[in-house]
Amino acid sequence: MRRVTTLFLLFCLGLPSLATAQMATRCQVDDVLALSWQWTGRNAWARKCGYITVTKEAFLNAEFEYQVFFNGCAAYPNLPPNSVSCEVFVPYWESAPCVTNLLKLGTCITG
């Protein structure tokens, strides 16, 4: 039992570092939205498609942040080296059609 507990703890401790690495990749490599119309457009699109609420959209815009996803990014299909798990294009304008089955990863700070 002790070995199972130890393995479980090691597994749980490793998950945050994987998520942190993927967030860094999204924010610095394959989902960089530096222009205000891009990141506010991403938030509006995410709200329109049901990924975030109106309140969350307003908060992210006020904090100069935007929603990113585990399995999609803005650079797809032209992925730069070191891109991770980017399997679909995620729009950054509100009028774009919704993409289903995206998994929220977190938020990036603009620029």
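Quick note: structure is the one above.
How each quantity is defined
- Residues numbered from 1 in each chain as written.
- Predicted model: local features only at pLDDT ≥ 70, side-chain atom pairs only at ≥ 80, totals over all residues.
- Heavy atoms only, no water.
- Disulfide = S-S within 2.5 Å.
- Helix = DSSP H or I, 4+ residues; strand = E, 2+ residues; numbered from the N terminus.
- Buried < 20%, exposed > 50% of the residue type's maximum accessible area, 1.4 Å probe, protein only.
- Pairing = 2+ DSSP bridges.

**Q** Describe the state of the cysteines, with residues and values.
**A** According to the stated counting rule, one finds three disulfides in the structure shown. Put simply, Cys49 and Cys98 are joined by a disulfide, and their sulfur atoms are 2.1 Å apart. An S-S torsion of about -90° defines the bridge between Cys49 and Cys98 as left-handed. On the criterion of sequence distance, the pair formed by Cys49 in the loop between α2 (36-48) and α3 (54-62) and Cys98 in the loop between β3 (88-89) and β4 (104-109) is long-range, its members being 49 residues apart. Its relative accessible area of 42% is what places Cys98 among the partly exposed residues. For Cys73, the disulfide goes to Cys86, at an S-S distance of 1.9 Å.

**Q** Any details on the pairing of strand β1 (residues 65-69)? Residues and values, ideally.
**A** Burial analysis of β1 places five of its five residues in the buried class, which makes it a mostly covered element. Across the two faces of β1 the burial is the same, with Glu65, Gln67 and Phe69 and Tyr66 and Val68 all buried. Pairing geometry for β1 and β4, over five bridges, is antiparallel. Residue pairing for β4: Glu65 is matched across the bridge by Ile109.

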